[in-house]
Amino acid sequence: TKYWKVNINEQRINKQLTEAATLLLRGETVAFPTETVYGLGADATNEKAVKKIFQAKGRPQDNPLIAHVATKQQLVDIVDKYNEYVDKLIEAFSPGPITYILPSNGTCAANVTAGLSSIGVRIPDHPIALKILQIANIPVAAPSANLSGKPSPSKANHVWEDLQGKIAGLVDAGPTGVGVESTVIDCTGPIPVILRPGGISKSEIEAVIGPVQMDPSLHNDSEKPKAPGMKYTHYSPEVPLWLVDGPVDKLQQIVCEVREQGKRVGVLLQNKYLEQIEADAYFSLGENMSEVAMNLYEGLRHFKKENIDLIVCETFPEIGIGQAVMNRLRKAASKII
Ligand code: TXA
Ligand code: MG
């Protein structure tokens, strides 16, 4: 795996990103940062290249990928005629952490869409991602650059941990900004449907185009999700996680009970609660919800180095980015109390 440490202010970045883009054009896989999480990219028009993504991640074949493009024109080039409200969404939120599910025109390889007639497309809001996409000048299929089932990578060392030796390159530009993945919104019907909450919230979207729906499976486990990827166990840390809804003394009581059984407990909490809790290991999610989103995946990965038997994490209000955070935590948790 070729590794580039890049800095947008350095002259050599052009040469580095040209090397990365050249690998993509040759049909190889390259991991790069976006504003949400690191993605594992391959030429979306090259079926063999896309296959390498599925192999490196151990990703189920029926889970479609998002095509990343640098401009609206490149988005238009890979989709069929779409609903009018989509232009308003693009205008308001792209580049940004939102993925539009649109009718595909067949430009991208069949394994990008896992055989579906629709395709997920997004314009990432990250200078490095945009530069690579501009230089390569192709749509780049990119899922999150983690092993399938693991927490997504918000730092380059997470990618290295999971995929070193399995991919052709890794562009390291430090931690990503948003920390959780893009909002996936199905725009194939008259009323858009959020399939995965993410970096852009439902209320931000509704402020632009009026009422949108949430995929019923997000709130009801017996419903089948419309985004194939949402049905898998996801974001699982290597140590079991309990999600505890309640005041800090309820959390403390649960931590105490588990420790009395001789188990070591790590707590994943906002700064303000950390000092109030007695446990075996601590990870701070920060001061506010945008910090919580940014630190979440690092937190889920952190405790495997700490010889811990159980992670206990608090719940968060499901407003704004809190919807995405709680969606990921519910999927990561082995128990919700
Ligand atoms: O922020 C992000 O979206 C990151 C960065 C790298 O861009 N990417 C990402 O990709 O999270 P991935 O593959 O981990 O998640 C894509 C999600 C999956 O749940 C997948 O099932 C869904 O989008 N998806 C993709 N194409 C779809 C389609 N045509 N119809 C329904 N769901 C689709
Ligand atoms: Mg993923």
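Residues numbered from 1 in each chain as written. Chains lettered and ligands numbered in written order. Predicted model: local features only at pLDDT ≥ 70, side-chain atom pairs only at ≥ 80, totals over all residues. Heavy atoms only, no water.

### Regarding the pairing of strand β2 (residues 30–33)
Then comes step 1: Alternating positions in β2 separate into two faces, Val30 and Phe32 on one and Ala31 and Pro33 on the other, with burial throughout.
Then comes step 2: Alignment of β2 against strand β3 (residues 38–43), held across 4 bridges, turns out to be antiparallel. Across the sheet, residue Ala31 finds its bridge partner in β3, namely Leu40.
Then comes step 3: A loop of 4 residues connects β2 with β3, the two strands running antiparallel in sequence.
Then comes step 4: Looking at chain direction, β2 and strand β8 (residues 169–172) are connected through 2 bridges and run parallel. Pairing of Ala31 across the sheet is with Leu170, part of β8. (Buried < 20%, exposed > 50% of the residue type's maximum accessible area, 1.4 Å probe, protein only. Helix = DSSP H or I, 4+ residues; strand = E, 2+ residues; numbered from the N terminus. Pairing = 2+ DSSP bridges.)

### Observations regarding the sheet that holds strand β12 (residues 241–244)
Then comes step 1: The strand order β14-β13-β15-β12-β16 describes an open sheet built from 5 strands, whose pairing is parallel. Looking at the sheet topology across the chains shown, the edges are occupied by β14 (281–284) and β16 (335–336).
Then comes step 2: Here helix α10 (residues 289–302) sits on the sheet in contact with β12, β13 (265–269), β14 and β15 (310–314), set at roughly 165° to β14. (Contact = heavy atoms within 4.5 Å. Axes fitted to C-alpha atoms, helices over the stretch in contact; angles between N-to-C directions.)

### So, the environment of Leu310
Then comes step 1: Examined against the element boundaries, Leu310 turns out to sit in strand β15.
Then comes step 2: For the pair Leu310 and Arg264, spaced 46 residues apart in sequence, the C-alpha separation works out to 6.6 Å.
Then comes step 3: Setting aside residues no more than four positions away along its own chain, Leu310 makes contact with Val239, Pro240, Trp242, Val258, Arg264, Val265 and Gly266.

### Side note on the sheet that holds strand β5 (residues 98–103)
Then comes step 1: Taken together, the 11 strands give an open sheet; going across it, the order is β1-β8-β2-β3-β7-β4-β6-β5-β9-β10-β11, and neighbouring strands pair in mixed fashion. A single partner strand is all that each edge strand has here, and the edge strands are β1 (2–5) and β11 (213–214).
Then comes step 2: Relative to β8, β1 is paired through 4 bridges, and the arrangement is parallel. Considered in β8, the bridge of Trp4 is made with Val171.
Then comes step 3: Across the sheet, helix α2 (residues 47–57) is in contact with β3 and β7 (140–141); its angle to β3 comes to roughly 145°.
Then comes step 4: The strands touched by helix α6 (residues 156–163) within the sheet are β1, β2, β3 and β8, with β8 carrying the most contacts at an inclination of about 165°.

### Looking at the confidence of the model for the protein
Then comes step 1: Overall, the prediction assigns the protein a mean pLDDT of 96, with 99% of residues at 70 or greater.
Then comes step 2: In the predicted complex, the global pTM is 0.96; the interface-specific ipTM is 0.99. (pLDDT = per-residue confidence, 0-100.)

### Quick notes on unusual backbone geometry
Then comes step 1: With an omega of 0°, the peptide bond running from Ser94 to Pro95 counts as cis.
Then comes step 2: Following the sequence through the fold, Pro95 ends up in the loop between α4 (85–93) and β5.
Then comes step 3: Positioned with a positive phi, Ala114 is a non-glycine residue whose angle comes to about 50°.
Then comes step 4: Structurally, the position occupied by Ala114 is in the loop between β5 and β6 (118–122).
Then comes step 5: One non-glycine residue with positive phi stands out, namely Asn137, at about 55°.

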